Amino acid sequence: MEINFVKPALPGNGTIVLAIFEERGLGELGQTVDKASGGQLTRAMTAAGFSGKSDETLMIQAPAWFDRVLLIGMGKLDLVKPMVAEAAGGGIYAQLVSAKATSATVIPDTPKDVPAGFNFAADIAMGALLRSYRFDKYRTVQKPGQKPVLTELTIAAVHPNAARSGFNRAKAVAEAVFFTRDLVSEPANILYPESFAERVRERLTGLGVTVEVLGEAKLAKLGMGALLGVGQGSERETQLVVMSYNGAPKVKNKRPVAFVGKGVTFDTGGISLKPGAGMEDMKWDMAGAGAVAGLIAALAGRKAKVNAVGVIALVENMPDGKAQRPGDIVKSMSGQTIEVLNTDAEGRLALADALWYTVDRFKPQAMVDLATLTGAVIIALGSEFAAVFANDDGLANQLLAAGTETGEKLWRLPMVDSYDKQIDTDAADMKNISDGRGAGSAIGAVFLKRFVKDTKWAHLDIAGVAWSKKDSATVPKGATAFGVRLLDRFVADSFEH
Ligand code: BES
Ligand code: MN
Ligand code: ZN
């Protein structure tokens, strides 16, 4: 889909979209169409009770010289913020696609008293673009009508050049979101540790990021027994990928901000085998790693002024003759030993070594990990919020704020010493599960905490939000890429110089 920006004017034909503010009625251009159609717009608005609330839409067929006019509610003028405009953009895209429009012009039909600088065209464009994502590469036969026919979206803005350059910055982030959605959507026969690493290398080196891929021999030398144990039952070789982006080479504090991702390309549970029903979902058990790769792509793509590293642990959790068993004891890179009482609590094992490696090598000023770590977080928060655990209140608050701004929302859960005691064991330094069933997500968090030293660190458990079963305004169902926009904003707000 091509997106262009022009000055506000009515086109001579086709489809137009009028963005209307709540209780403000039609703007100047809307009134022109209304008059030319003998009042068709205002009659339709009255009949449908359309007042411009933020989720209202109204399609009017063939008024005046247009094929159709779509009215889209923007909500109250004084409450409009980027996220509202983005959601409107997503809604516009979905409506135009189901109306089978091939092109359309969106006109923010602003009332006369709106300040001239008021400009949300770029946000509408970003929302439409984000909604347009599809993962259909494996569908070899699609009936006509199953594929969107919308190819061109023109958006009117008082300052089209400003809108265009704003959108170009946002587009780098949208492309990174799509990269993540692609990775997360791929099935596990196509995307396994080596092919994942290869895709990251290809994409990110093209953006000027340094990418290192460590294979099993190197990981063994480093002593990563916890990560390697997870991959022991798989035919696929475990990989650790390190992405370094230096967007602020001249700053005094060279310590980067670090992001670490769980990349279990398929999680059968291992010898602690998962039940068959729903196991196919475990192809997206690499969503944390996918988000980290996308985040680094976003930062590099928009030339963020920050030094950042991404570290992803890529491994497949399979049961076979060589697989690790419940009760096995492994030694992590940190030297701490772990009794693996459940091979399905594998994410924390993989992350233990990835976190330690990151802290040890980069001494980051802050570190955030993302992981589809526990089913328990879905019980606690559903798909509304991801959980954040943090050993630093300032860091937690920065993340919470970025979540509110981007709509990738976080809720903080407690991480206290009494949880930590529950993973002590007689046989080793710790065990990878607790005895009871309570607070499963916090147990995962305190386990990870033992591998971050005193680094300012936060853990995001994204198991409930990485994949969506229904469309939302800017996120079509499927892989959400949760974390990319959130952490891109977090970096912009808190770490860019
Ligand atoms: N990948 C799963 C967590 C998960 C479950 C993600 C459902 C997305 C949807 C993780 O590796 C796992 O199996 N966790 C166990 C931990 C338990 C054994 C302590 C779980 O949540 O059951
Ligand atoms: Mn598991
Ligand atoms: Zn898992």
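Rules used in this analysis
- Residues numbered from 1 in each chain as written.
- Chains lettered and ligands numbered in written order.
- Predicted model: local features only at pLDDT ≥ 70, side-chain atom pairs only at ≥ 80, totals over all residues.
- Heavy atoms only, no water.
- Helix = DSSP H or I, 4+ residues; strand = E, 2+ residues; numbered from the N terminus.
- Rg over C-alpha atoms; globule rule 2.2 N^0.38 Å.
- Buried < 20%, exposed > 50% of the residue type's maximum accessible area, 1.4 Å probe, protein only.
- Contact = heavy atoms within 4.5 Å.
- Areas by Shrake-Rupley, 256 points an atom, 1.4 Å probe, with all protein chains shown as cover.
- Lys, Arg positive; Asp, Glu negative; His and termini not counted.
- Charge placed at Lys NZ, Arg CZ, Asp CG, Glu CD.
- Pairing = 2+ DSSP bridges.
- Axes fitted to C-alpha atoms, helices over the stretch in contact; angles between N-to-C directions.
- Domains from an automatic or database assignment.
- Buried area = accessible area lost by both parts, 1.4 Å probe.
- Salt bridge = Lys/Arg side-chain N within 4 Å of Asp/Glu carboxyl O.
- Polar contact = N/O pair within 3.5 Å; in protein donor to acceptor, adjacent residues only side chain to side chain.
- Donors = N, O, S within 2.8 Å, 3.2 Å for Na, K, Ca; no water.
- Tetrahedral: all angles 85-135°; square planar, octahedral: opposite > 155°, others 65-115°.
- Near = heavy atom within 4 Å.

### Focus: the overall build of the chain
Right, on to step 1. When its secondary structure is counted, the chain shows 15 helices and 19 strands.
Right, on to step 2. For a compact globule of 497 residues, the expected C-alpha radius of gyration is about 23 Å, and the chain comes in at 25 Å, within 12% of that figure.
Right, on to step 3. In terms of overall dimensions, the chain has C-alpha extents of about 85 × 50 × 40 Å along its principal axes.
Right, on to step 4. Burial analysis of the chain (497 residues in total) assigns 56% to the buried set.
Right, on to step 5. In the chain, of all internal contacts separated by at least 6 residues, the share reaching a separation of at least 24 is 77%.
Right, on to step 6. For the chain, the exposed area adds up to about 20,500 Å²; of that, 51% sits on carbon and sulfur atoms.
Right, on to step 7. Separation between the mean location of the 56 positive side-chain charges and that of the 55 negative ones in the chain comes to 4 Å.

### Here's the deal with the sheet that holds strand E8 (residues 239-246)
Right, on to step 1. Taken together, the 8 strands give an open sheet; going across it, the order is E7-E8-E10-E9-E13-E17-E14-E15, and neighbouring strands pair in mixed fashion. The open sheet has two edge strands with one neighbour each: strand E7 (210-214) and strand E15 (410-412). Across this sheet, the average inter-strand angle for adjacent strands is 20°, counted without regard to direction.
Right, on to step 2. Sheet analysis places E7 next to E8, joined by 5 bridges and oriented antiparallel. Counterpart to Glu212 in the pairing with E8 is Val242.
Right, on to step 3. Contacts from helix H15 (residues 484-494) reach strand E9 (257-267), strand E13 (366-371), E15 and strand E17 (457-461), with the element oriented near 170° to E9.

### Points about the domain arrangement of the chain
Put simply, an interface is often sized by how much accessible area is lost when its parts join up.
Right, on to step 1. Partitioning the chain into structural domains gives domain 1 (2-158) and domain 2 (172-494).
Right, on to step 2. For domain 1 versus domain 2, the separation of C-alpha centres amounts to 38 Å.
Right, on to step 3. Of the residues lining the interface, 15 residues belong to domain 1; the matching set on domain 2 comes to 21 residues.
Right, on to step 4. Across the interface of domain 1 and domain 2, roughly 1,400 Å² is buried in total on both sides, 63% from carbon and sulfur atoms.
Right, on to step 5. When the area that domain 1 buries against domain 2 is broken down by residue, the three leading residues are Leu130, Arg131 and Tyr133, summing to 45%.
Right, on to step 6. Among the ionic pairs, Glu86 bridges to Arg485, the shortest N-O distance being 2.7 Å.
Right, on to step 7. The interface formed by domain 1 and domain 2 contains 7 residue pairs in polar contact (both at pLDDT 80 or more).
Right, on to step 8. Elements that contribute at least two residues to the side of domain 1 that touches domain 2 include exactly helix H3 (82-98) and helix H4 (121-131).

### A look at the coordination of the zinc ion (ligand 3)
Right, on to step 1. Distances from the zinc ion (ligand 3) to its protein donors, Lys262 (NZ), Asp267 (OD), Asp285 (OD) and Glu346 (OE), fall within 2.0 to 2.4 Å.
Right, on to step 2. Considering all 6 donor atoms around the zinc ion (ligand 3), the spread of angles at the metal, 78 to 173°, places the coordination shape in the octahedral class.
Right, on to step 3. Sequence positions of the residues that donate to the zinc ion (ligand 3) give the spacing K-x4-D-x17-D-x60-E.
Right, on to step 4. The distance between the zinc ion (ligand 3) and the manganese ion (ligand 2) comes to 3.2 Å, with Asp267 serving as a donor to both metals.
Right, on to step 5. The buried category is assigned to Lys262, whose relative accessible area is 2%.

### Topic: the environment of Ile379
Right, on to step 1. Of note, Ile379 is situated in helix H11 (residues 376-381).
Right, on to step 2. Sequence spacing of Ile379 and Gly464 is 85 residues, and the spatial spacing of their C-alpha atoms is 8.6 Å.

### What about the coordination of the manganese ion (ligand 2)?
Right, on to step 1. At 2.0 to 2.2 Å from the manganese ion (ligand 2) lie its protein donor atoms, namely Asp267 (OD), Asp344 (O), Asp344 (OD) and Glu346 (OE).
Right, on to step 2. One can describe the site at the manganese ion (ligand 2) as irregular: its 6 donor atoms subtend angles covering 71 to 167° at the metal.
Right, on to step 3. The sequence pattern formed by the donor residues of the manganese ion (ligand 2) is D-x76-D-x1-E.

### Remarks on the pattern of salt bridges
Right, on to step 1. Tallied over the full model, the rule gives 22 salt bridges.
Right, on to step 2. Note that Glu405 and Arg489 form a salt bridge whose closest N and O atoms lie 2.5 Å from each other. Of this pair, Glu405 sits in helix H12 (residues 393-406) while Arg489 sits in helix H15, and the two are 84 residues apart along the sequence.
Right, on to step 3. Take Arg489: its relative accessible area is 29%, and that puts it in the partly exposed class.
Right, on to step 4. Among the ionic pairs, Asp435 bridges to Lys431, the shortest N-O distance being 2.8 Å.
Right, on to step 5. With relative accessibility at 68%, the residue Asp435 sits in the exposed group.
Right, on to step 6. You can call Lys431 buried: its relative accessible area is 8%.
Right, on to step 7. Each of Arg134, Asp136 and Lys147 takes part in a single network of salt bridges with overlapping partners.

### Overview of the site of ligand 1
Right, on to step 1. Near ligand 1, the surroundings consist of 17 residues, among which Lys274, Asp285, Asp344, Glu346 and Gly375 are the closest.
Right, on to step 2. In the model, an oxygen atom of ligand 1 is placed 3.2 Å from a nitrogen or oxygen of the Lys262 side chain.
Right, on to step 3. One of the side-chain nitrogen or oxygen atoms of Asp285 is found 2.9 Å away from a nitrogen atom of ligand 1.
Right, on to step 4. Bound to the protein, ligand 1 loses 77% of the 520 Å² it would expose on its own.

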